[in-house]
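Summary of the model geometry
What follows is the residue order along each chain.
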Amino acid sequence: MGQLTGKVAIITGASSGIGRAAAVLFAQEGARLVLNARRGERLEQTAAEIDRTGETVATVAGDVREPEVADALVETALQRFGGLDAALNNAGDVGVPGPLADVDEAAWRQVIDVNLTGAFLGARRQIPAMLARGGGSIIFTSSFVGHANAFPGLGPYAAAKAGLVGLARAIAVEYGPQGVRANALLSGGVDTPMGRSVADTPEAQALVRSLHALKRQAEPEEIAQAALFLASDLSSFITGSAMFADGGASVCKV
Ligand SMILES: NC(=O)c1ccc[n+]([C@@H]2O[C@H](COP(=O)([O-])OP(=O)(O)OC[C@H]3O[C@@H](n4cnc5c(N)ncnc54)[C@H](OP(=O)(O)O)[C@@H]3O)[C@@H](O)[C@H]2O)c1
């Protein structure tokens, strides 16, 4: 039996990178899935790789900044699969790196809206569905950036990802008595399109690798394993945590 057998999960940002790897892994572990990203074709590709029949996976293409997308994701989980047990709010946007004094309001809002407000909009709808089920697990893909580490040029992203830690803690205490857990997953550097966009030269990639105690970046599948742990009953007594899956970047000083 898989770690998510009988469970229903939402994953945002499932067309690529960590979200895609989590979709594949959660399905292998028995979950029925509702997947989201903006690029519908890529999302359908991920879904078809998991289950060509569509019996165990549904898709809702759209932007997590739109409240209607959060509605549709939860509604699909309820209508197609009868409930909701876990949600990996993972869609993210690192923005255009640059000095904070040069960040205009539109650029600030873009990054805050996708990473933080999008996660709030999702959780706001996911919580009642989980309460109806007697509990559930909400996960926010946060980052080592903004919590344990900071980098010049990533101010809006650091603020948004740190905000997810606070949001997880707030949900943990507010809904813990009714069985809903919430945790922030603090990933280190991961070899994904986003990771490669931030470190876009061999020198920058070598620098990123050197920041980690393990002296490498993660593969998206490794972060998916941490997300699986938080989504499943293996983590039944873990809530309100800022859980590192960062290859030791938070403690590495050499
Ligand atoms: N890579 C790293 O080093 C790293 C480190 C720490 C944390 N993270 C976090 O991990 C998460 C996943 O990133 P990744 O590294 O896997 O990058 P990725 O491969 O570029 O994937 C990002 C995903 O987010 C989706 N997305 C972006 N904006 C969206 C929006 N407005 N609405 C819906 N979906 C949206 C993208 O799909 P569409 O473009 O199709 O919408 C894509 O599926 C992000 O939250 C990121 O901040 C990444």
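Residues numbered from 1 in each chain as written. Predicted model: local features only at pLDDT ≥ 70, side-chain atom pairs only at ≥ 80, totals over all residues. Heavy atoms only, no water.

Regarding helix H3 (residues 67-81)
Compared with the 21 Å implied by 1.5 Å per residue over 15 residues, the 21 Å span of H3 between its first and last C-alpha is a close match. Of all the residues in H3, the buried ones are Val69, Ala70, Leu73, Val74, Thr76, Ala77 and Phe81. Buried residues of H3 fall within an arc of 150 degrees about the axis and therefore sit on the same side. Along H3, exposed side chains directed more than 90 degrees from the buried face belong to Glu68 and Gln79. Looking at the buried positions of H3, the neighbouring elements they touch are strand S1 (8-12), strand S2 (32-37), strand S3 (57-61) and helix H4 (105-133). Positioned one or two residues after H3, glycine 82 has a phi angle of 85 degrees, which is positive. (Helix = DSSP H or I, 4+ residues; strand = E, 2+ residues; numbered from the N terminus. Expected span 1.5 Å × (residues − 1). Buried < 20%, exposed > 50% of the residue type's maximum accessible area, 1.4 Å probe, protein only. Arc of directions from axis to C-beta. Contact = heavy atoms within 4.5 Å.)

Concerning the packing of helix H1 (residues 17-28) against helix H2 (residues 40-50)
At a minimum axis separation of 10 Å, H1 and H2 run at an interaxial angle of 25 degrees. By the criterion of interaxial angle, the relationship of H1 to H2 is roughly parallel. Read as a crossing pair, H1 and H2 show a hand that is right-handed. Residues Arg20, Ala23, Val24 and Ala27 of H1 form the contact with H2, whose participating residues are Thr46, Glu49 and Ile50. Within the contact of H1 with H2, the residues separate by chemical class into 4 nonpolar, 1 polar and 2 charged. (Axes fitted to C-alpha atoms, helices over the stretch in contact; angles between N-to-C directions. Parallel < 35°, antiparallel > 145°, perpendicular 65-115°, else oblique. Left-handed = near helix turned anticlockwise from the far one by under 90°. Nonpolar A, V, L, I, M, F, W, Y, C, P; charged D, E, K, R; others polar.)

Overview of empty space enclosed by the protein
Tallied over the entire structure, the rule returns 1 cavity of 30 Å³ or more. Space inside the largest cavity adds up to approximately 100 Å³. Along its surface, the largest cavity is lined by 17 residues, and Thr12, Val64, Asn89, Gly118 and Ala119 are the ones closest to its centre. Elements with a minimum of two residues in the lining of the largest cavity: H3, H4 and helix H5 (155-175). (1 Å grid on protein atoms, 1.4 Å probe; cavity = no way out; pocket = protein on both sides within 12 Å on 5 of 7 lines; lining within 4 Å. Points joined across faces, edges and corners; volume = space filled by probe spheres on them.)

Thoughts on the sheet that holds S1
Here 7 strands make up an open sheet; going across it, the order is S3-S2-S1-S4-S5-S6-S7 and the pairing parallel. Looking along the sheet, the strands with just one partner apiece sit at the ends: S3 and strand S7 (242-245). Taking the axes of each pair of neighbouring strands and ignoring which way they run, one obtains an average angle of 20 degrees across the sheet. The sheet contact formed by S1 and strand S4 (residues 86-89) spans 3 bridges and is parallel. The residue bridging isoleucine 10 from the neighbouring strand is alanine 87, located in S4. Where H4 meets the sheet, it contacts S1, S4, strand S5 (136-143) and strand S6 (180-187), and its direction lies at approximately 160 degrees from that of S5. (Pairing = 2+ DSSP bridges.)

A word on unusual backbone geometry
Despite not being glycine, lysine 215 has its phi angle at roughly 55 degrees, a positive value. For lysine 215, a relative accessible area of 39% corresponds to the partly exposed category.

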